[in-house]
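Close look at the chain arrangement
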Amino acid sequence: MNAEVIIWAISGFLFLAGAALLVFRRQLLAMILGLELLLNAAGLGFVYYSARWQNAEGLAIALLVIAVAAAEAVVGLGFLIALSRDGSAAETGDIRALAD
Amino acid sequence: MGAIPFAIWVLLLAPLAALTAGFFVFHGYRPSRTHWPMLASCIAVCAASLWLLLKVRAGARWDLPIFHWLVAGGFDVDFGVRMDGLTASVLAMVALVGTLIHVYAVEYMRDDPEFSRFFLYFHFFFFSMIGLLISDNYLQMYVFWEGVGLASFLLIGFWHGRARARAAAWKAFLVNRVGDAGFLLAALLLLSRLGTVRFNDVFGMLGSESPRFFSVVALLLFWGACAKSAQFPLHIWLPDAMEGPTPVSALMHAATMVAAGVFLMARSMPLLEAAFPEVRHLIAWTGAGTALGAAVIASMKVDLKRILAYSTISHLGLMMLAIGMGSVYAAVFHLIAHGFFKALLFLCAGNVIHGTGSSGSVGVPEVGGLYPRLPRTAVAFAIGAASLAGFPPSAGFYSKDAVIDSVFGGGGPALRWAALLIVVGSSFYIFRMLFLTFFGRRAEQRGLEGDAHEAVGWMLWPVRALAVFALAAGVIGPSGALAGFLGADAPHPSFRLMGLGVLAASAGLGLAWLATSVWTGWDWAWRKSCPRLEAWLDGELGWQSFMSRLAALGERSASWIAEGWDRRRWDAWTQSLADSCVGLGEGLGGLSRGILNEYIWWMLAASVVLTSVVARCI
């Protein structure tokens with residue numbers, strides 16, 4: 001079993017796990033976790049192909065993705081904290097200010 | 001030619017300045033003095049039009065654009081003035097009569113709480129008519145034509161507290177709109193086919209299109225003139241227009257409103273000559289039929305102003321008859337003479353109404369034997385009646401003679417007999433009115449005249465002046481002055497026709513004397529014995545009930561279309577479209593329940609589908 005297949009399997013598993021978290025869990029924290037998994041599943045692929053084809057662009061994009069993920073985590077966690085301070089539950093189903 | 005003379009600027013700007021001052025200054029601050037600028041403007045217009053009359057008599061003609069008015073692409077209409085013999089002669093009459101009626105109206109409307117508003121409308125009426133007369137193209141004329149229509153609407157409905165006045169105003173306005181559509185279509189046809197609406201250019205291009213085209217244009221113009229000049233079948237607004245104050249009726253019947261249609265046809269005479277001769281036959285027959293029918297109806301009406309209204313319709317029919325005979329000279333001569341004597345008769349009727357203290361109108365059943373109480377009005381009325389009936393040496397004698405002359409020159413025996421019968425009829429109804437109102441009192445008359453009083457001061461002077469004109473204005477005919485203005489052949493007096501005319505008028509006078517003074521109860525007796533005949537005549541020989549039925553038919557078919565086609569089909573279709581949109585929205589709305597996971601699910605699913613599609617395409 002060569003490295004490419006292993007990498008694709010791990011990446012695919014991470015992506016599916018992240019998607020499952022996003023779709024099936026209702027806690028905001030879990031959904032942010034799922035989002036991180038999605039991003040990292042993509043980042044893994046970039047790093048592998050960068051090493052394989054000796055091209056630094058893939059690494060650069062992986063770094064960018066990590067930066068974006070960090071920024072996204074800051075926004076998402078800040079959002080979460082603000083909601084829990086507000087007394088609202090951390091469940092997405094309870095956030096209906098825009099729906100109603 | 002040359003530059004536009006000062007007098008023409010006065011014609012346009014003096015009324016405008018008076019209206020501006022009246023509206024912005026007097027109406028707000030000195031409403032009881034609003035007539036000051038109007039009278040000043042009238043005097044200026046009078047002076048200017050008389051100066052122009054002299055100039056035109058000396059041979060001057062102006063036909064000049066003043067400024068670019070409507071410009072859009074190849075479409076270019078100038079605002080201009082045309083001052084030729086036709087304009088100058090009609091304008092002089094309009095200015096004189098209009099000014100005298102203005103003077104009269106000051107006293108007549110003195111106690112009206114809305115004196116100021118009345119004078120603003122009144123002068124706007126006058127201004128629109130002047131603009132109409134001096135226009136040099138059809139489109140500009142149309143604008144002033146509409147101005148005249150608007151002013152008549154405002155003035156007929158001036159006492160808008162009365163339901164009948166409001167209804168009459170709407171009727172006049174709507175019927176005139178029907179006619180205006182014809183005028184507008186004619187102007188647009190000329191513009192689209194000839195590329196110009198200037199009288200001069202149009203009359204210079206008469207060879208470039210087929211007679212059929214000019215026939216269509218002439219018929220459309222005549223349709224417009226029918227509405228303004230109250231010809232069958234669009235005459236129906238004029239009798240109801242009596243709901244306005246009496247000076248308005250005088251102005252409308254003499255100088256401003258109804259003269260416009262005849263003036264339009266006189267102006268378009270070259271165009272009529274380029275059309276098929278059948279068009280002129282139609283005009284002649286319409287005029288003769290209208291004149292005869294209106295004379296019959298005027299002979300049995302009892303309301304003073306309504307008798308005069310039908311008399312106006314009848315005389316306009318005579319003018320149209322002359323137009324149909326191709327004689328601009330006879331039509332314009334009669335227009336001018338009619339302007340003087342009809343204004344005089346209306347002002348006399350106004351004196352009677354004012355003198356008896358009646359608020360609206362009075363009629364034969366209310367007043368009789370007024371001569372001892374209103375002697376001056378009675379004499380003036382008698383002069384007007386003699387002029388209308390066509391007794392020498394009044395203006396009406398010469399102008400009617402000109403019309404009869406044109407009919408005997410170009411018409412068949414039927415038209416000749418019709419013309420003579422119209423003369424008999426006019427003489428009959430006007431002397432019947434004179435005798436019933438002023439001379440002798442019948443047992444059937446209720447006698448409102450008990451405390452009637454003669455008009456005073458400023459109400460009498462215009463009447464006196466108009467009486468002089470009604471008597472003496474005929475000199476423009478036999479002296480050849482008017483013929484010179486219009487470029488027509490010098491009139492050739494035919495003593496045979498003059499004798500016939502006087503004979504016909506005397507026959508009418510004799511009949512009227514028999515019917516009112518020998519058999520005094522006749523006017524009441526025949527109504528009692530044949531009430532159905534009276535109803536038939538009162539309803540304009542059945543025409544009114546026919547019109548009502550026609551209107552009801554129109555209403556029913558419109559409602560059938562509205563119900564069957566619009567509501568059942570078109571509305572149902574649009575309704576189903578709207579319903580399906582609502583259903584679609586409700587169905588899709590179920591997808592967005594505010595649950596974040598669902599959104600992400602749909603997003604992922606869509607990404608997978610789109611990615612697979614894109615991957616397949618690559």
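In this text the structure is predicted, and so the values were computed from the model without any measurement. (Residues numbered from 1 in each chain as written. Chains lettered and ligands numbered in written order. Predicted model: local features only at pLDDT ≥ 70, side-chain atom pairs only at ≥ 80, totals over all residues. Heavy atoms only, no water.)

Overview of the overall build of chain B
Just so we agree on the cut-off: Helix and strand assignments follow DSSP, with helices taken as H or I runs no shorter than four residues and strands as E runs no shorter than two, numbered in order from the N terminus. Only protein chains enter the calculation, and the probe is 1.4 Å; a residue is then buried if its accessible area is under 20% of its type maximum, exposed if over 50%, and partly exposed in between. Whether two residues are in contact is decided by their heavy atoms, any of which lying within 4.5 Å being enough.
Per the secondary structure count, chain B includes 25 helices and two strands. Dimensions of chain B along its principal axes, counting C-alpha atoms only, are 110 × 60 × 60 Å. A total of 618 residues make up chain B; the buried ones form 56% of that total. Of all intrachain contacts in chain B linking residues separated by at least 6 positions in sequence, the fraction that spans at least 24 positions is 79%.

Let's talk about the environment of B:I561
Examined against the element boundaries, B:I561 turns out to sit in helix α24 (residues 543-589). Along the sequence, B:I561 and B:S268 sit 293 residues apart, while their C-alpha atoms lie 40 Å from each other.

Some thoughts on the packing of aromatic side chains
Residues and elements named next belong to chain B. Stated formally: The criterion for an aromatic pair is that two Phe, Tyr or Trp rings (for Trp, the six-membered ring) have centres within 6.5 Å, with stacked assigned to planes under 30 degrees apart, edge-to-face to planes over 60 apart and tilted to the rest. Each ring is checked for a lysine NZ or an arginine CZ that lies within 6 Å of its centre and within 35 degrees of its normal; such an atom marks a charge sitting over the ring.
This structure, assessed with the given rule, holds 33 aromatic pairs over all chains. Centroid distance W145 to F183: 4.9 Å. Interplanar angle 80°. Geometry classified as edge-to-face. Residue W145 is found in helix α5 (residues 138-156), and its partner F183 is found in helix α6 (residues 163-194); the two are separated by 38 residues along the sequence. The residues W145 and F183 share a single accessibility class, namely buried. Relative to Y398, the ring of F397 lies with its centre 5.0 Å away and its plane at 65°, an arrangement referred to as edge-to-face. The structure contains a cluster of three or more aromatic residues connected by ring pairs, namely F115, F118, F119, Y121, F122, F158 and W159. The ring of F199 carries the charged tip of R267 above its face, separated from the ring centre by 5.3 Å.

A few points about the nonpolar core
Quick note on the threshold: Each nonpolar core is a collection of buried residues, namely Ala, Val, Leu, Ile, Met, Phe, Trp, Tyr and Cys, held together in the definition by side-chain atoms within 4.5 Å.
With 211 residues, the main nonpolar core has B:M83, B:Y138, B:L190, B:W237, B:L271 and B:I430 as its most contacted residues. Broken down by element, the residue count for this core peaks at 20 residues, all from helix α15 (residues 328-355) of chain B. If we skip the residues at most four places from it in the chain, B:L271 touches B:Y138, B:L190, B:V202, B:F203, B:L206, B:F214, B:V217, B:A218 and B:L221. Core analysis: the next-biggest nonpolar cluster, separate from the first, contains seven residues, A:A19, A:V23, A:L38 and B:L604 among them.

Examining the packing of helix α14 (residues 304-324) of chain B against α15(B)
All names here are of chain B. Basically, it comes down to this: To define axes, lines are fitted to C-alpha atoms, for helices over the stretch in contact only, and angles between the resulting N-to-C directions are given on a 0 to 180 degree scale. What sets the label is the angle itself: under 35 degrees gives roughly parallel, over 145 gives roughly antiparallel, 65 to 115 gives roughly perpendicular, and the rest give oblique. Side-chain classes follow a simple rule in which Ala, Val, Leu, Ile, Met, Phe, Trp, Tyr, Cys and Pro form the nonpolar group, Asp, Glu, Lys and Arg form the charged group, and the remainder, Gly included, forms the polar group.
Across the interface, α14 lies against α15 with an axial gap of 10 Å and an inter-helix angle of 180°. When the interaxial angle is binned, α14 and α15 end up roughly antiparallel. Facing L304, K305, L308, A309, S311, T312, H315, L318, M319, A322 and I323 of α14, the residues of α15 in contact are A330, A331, H334, L335, H338, F341, K342, L345, F346, A349, V352 and I353. Of the residues contributing to the contact of α14 with α15, the split by class is 16 nonpolar, five polar and two charged.

Topic: the pattern of salt bridges
Residue and element names in this part refer to chain B. Heads up, the rule is: Each salt bridge in this description consists of a side-chain nitrogen of Lys or Arg and a carboxyl oxygen of Asp or Glu lying within 4 Å of one another.
This model, assessed by the stated rule, comprises 14 salt bridges over all chains. The closest approach of N and O atoms between D136 and R198, which form a salt bridge, is 3.1 Å. Highlighted residues: D136 in the loop between α4 (115-134) and α5 and R198 in the loop between α6 and α7 (199-204), separated in sequence by 62 residues. No difference in accessibility class separates D136 from R198, as the two residues are buried. Between D240 and R306 there is a salt bridge, and its shortest N-O distance comes to 3.5 Å. Taken together, the residues D240 in helix α9 (residues 237-240) and R306 in helix α14 connect sequence positions 66 residues apart. Summarising the burial analysis for this pair, D240 and R306 share the class buried.

A look at the pairing of strand β2 (residues 75-83) of chain B
The two faces of a sheet get side chains in turn, since along a regular strand they alternate between them. Residue and element names in this part refer to chain B. Where we set the bar: Criterion used throughout: strands pair if DSSP finds at least two bridges between them.
Of the strand pairs in this sheet, strand β1 (residues 62-72) and β2 are connected by nine bridges, and their pairing is antiparallel. Looking at the pairing, H68 lines up with D78 of β2. Counted along the chain from β1 to the antiparallel partner β2, the turn is two residues long, and its residue G73 has a positive phi close to 65°.

A closer look at helix α25 (residues 596-617) of chain B
The test is simple: Given the number of residues in a helix, its expected span is that number minus one, multiplied by 1.5 Å.
An ideal rise of 1.5 Å per residue puts 32 Å on 22 residues; α25(B) measures up with 31 Å between its terminal C-alpha atoms. Within α25(B) the residues assigned to the buried category are B:N597, B:E598, B:I600 and B:L604. Tucked inside the fold, the buried residues of α25(B) contact α1 (3-24) and α2 (28-52) of chain A.

Points about the side chain of B:S229
All names here are of chain B. Note the following rule: Definition of a polar contact: a pair of N or O atoms within 3.5 Å, with one able to donate and the other able to accept a hydrogen when the atoms are protein atoms, and with sequence-neighbouring residues admitted only if both atoms are side-chain atoms.
Of note, S229 is situated in the loop between α8 (211-228) and α9. Among the polar contacts listed, one links the side chain of S229 to the backbone oxygen of V258, at a separation of 2.6 Å. A polar side-chain atom of S229 sits 3.2 Å from the main-chain amide nitrogen of G261. Ignoring any residue separated from it by four or fewer positions in sequence, one finds S229 in contact with V258, A260, G261, V262, L316 and M320.

Examining the side chain of B:S394
Residues and elements named next belong to chain B. With respect to the helices, strands and loops of the structure, S394 is situated in the loop between α16 (375-389) and α17 (395-410). Judged by its relative accessible area of 1%, S394 falls in the buried class. Polar contacts involving the side chain of S394 include one to the main-chain carbonyl oxygen of F391, which spans 2.5 Å.

What about the environment of A:I61?
Residues and elements named next belong to chain A. As for its placement among the helices and strands, I61 is situated in helix α3 (residues 56-85). Residue I61 is classed as partly exposed on the basis of its relative accessible area of 34%. As for I61 and V47, which are separated by 14 residues in sequence, their C-alpha atoms are 8.7 Å apart.

Some remarks on the state of the cysteines
Residues and elements named next belong to chain B. What counts here: Any two cysteine sulfur atoms within 2.5 Å of one another count as a disulfide.
Within the structure shown, the criterion is met by zero disulfides over all chains. Here C46 is not disulfide-linked; the sulfur of C42 is the nearest cysteine sulfur, at 7.1 Å. Judged by its relative accessible area of 12%, C46 is buried.

Focus: the confidence of the model for chain A
For clarity, the threshold we go by: As a per-residue quantity, pLDDT reports the predictor's confidence and falls between 0 and 100.
Mean pLDDT over chain A stands at 85; residues scoring 70 or higher make up 85%. Across chain A, the element-wise mean pLDDT spans from 89 in α3(A) up to 91 in α1(A).

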